[in-house]
Amino acid sequence: MVFRWRHEGAVLRGQLSAPTPGWLAVGFNDAERLRGTCFVMAQVSEAPPRLELRRAAVPDHGPVVDAQVQRDLVLVSGSFGGGASRLDFDLAHRSGDALGVNLRAGAATYLMLAWSRSTDFGHHSAFREHQRVIL
């Protein structure tokens, strides 16, 4: 699984890929844990592609209900080919502020990377890891 990012003005531009036709996700948290992680979750192998910003409330997770935050998440492109899903998205830094996560350049965060073989967002991950990074 690979996640690349860059900052353009007040936006985090993310590129995520995983070896699955199912969902894939990248999340941000101030601690190395699932609970409280805010994450971008998508499935791009079936039309139409689906993209949501979610928050983990272990053992479940649900969509963020703040309408402005959801509008700040933009699907740039999504594709599936060669056994891998690829997602390009934009997420405004202010959304992180609203969710208590610093998405600005230079911020330290625990990055969660996860994917599932299923396109059902309720299905548990087949792969998940957490890494400390500097955005």
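As shown above, the structure is provided for reference.
First things first, this report covers the structure right here in the doc. (Residues numbered from 1 in each chain as written. Predicted model: local features only at pLDDT ≥ 70, side-chain atom pairs only at ≥ 80, totals over all residues. Heavy atoms only, no water.)

This next bit is on the packing of aromatic side chains. Tallied over the entire structure, the rule returns four aromatic pairs. Ring centres of Phe 3 and Trp 5 lie 5.4 Å apart, and the angle between their planes is 25°; this geometry places the pair in the stacked category. Taking the centre distance of 6.3 Å and the plane angle of 10° together, the rings of Phe 3 and Phe 89 count as stacked. Of the two residues, Phe 3 is situated in strand β1 (residues 2–8) and Phe 89 in strand β8 (residues 84–92); the sequence distance between them amounts to 86 residues. (Phe/Tyr/Trp six-rings, centres within 6.5 Å; stacked < 30°, edge-to-face > 60°. Helix = DSSP H or I, 4+ residues; strand = E, 2+ residues; numbered from the N terminus.)

This next bit is on the layout of surface pockets. What the largest pocket holds in volume is close to 300 Å³. Taken together, 19 residues make up the lining of the largest pocket; nearest its centre are Leu 34, Pro 59, His 61, His 124 and Ser 125. Listing elements by their share of the lining of the largest pocket, those giving two or more residues are β4 (38–43), β5 (50–57), β6 (60–63) and β9 (108–115). When the residues that make up the lining of the largest pocket are grouped by side-chain class, the tally is eleven nonpolar, five polar and three charged. (1 Å grid on protein atoms, 1.4 Å probe; cavity = no way out; pocket = protein on both sides within 12 Å on 5 of 7 lines; lining within 4 Å. Points joined across faces, edges and corners; volume = space filled by probe spheres on them. Nonpolar A, V, L, I, M, F, W, Y, C, P; charged D, E, K, R; others polar.)

Right, let's talk about the sheet that holds β1 for a bit. Taking strand neighbours across the sheet as the criterion, the four strands line up as β1-β2-β8-β7 in an open arrangement whose pairing is antiparallel. Bordering the open sheet on either side are β1 and β7 (73–81), each of which pairs with just one other strand. The mean inter-strand angle of the sheet, taken between neighbouring strand axes irrespective of direction, is 10°. Of the strand pairs in this sheet, β1 and strand β2 (residues 11–18) are connected by seven bridges, and their pairing is antiparallel. In the sheet register, Phe 3 faces β2, and the bridge partner there is Leu 16. (Pairing = 2+ DSSP bridges. Axes fitted to C-alpha atoms, helices over the stretch in contact; angles between N-to-C directions.)

Moving on to the pairing of β5. In this structure, β4 lies alongside β5, joined through six bridges in antiparallel fashion. From the neighbouring strand, Val 40 faces β5, where its bridge partner is Leu 53. In sequence, β4 turns back onto β5 through a hairpin of six residues. Looking at chain direction, β5 and β6 are connected through four bridges and run antiparallel. Its bridge partner lying in β6, Ala 56 is registered against His 61.

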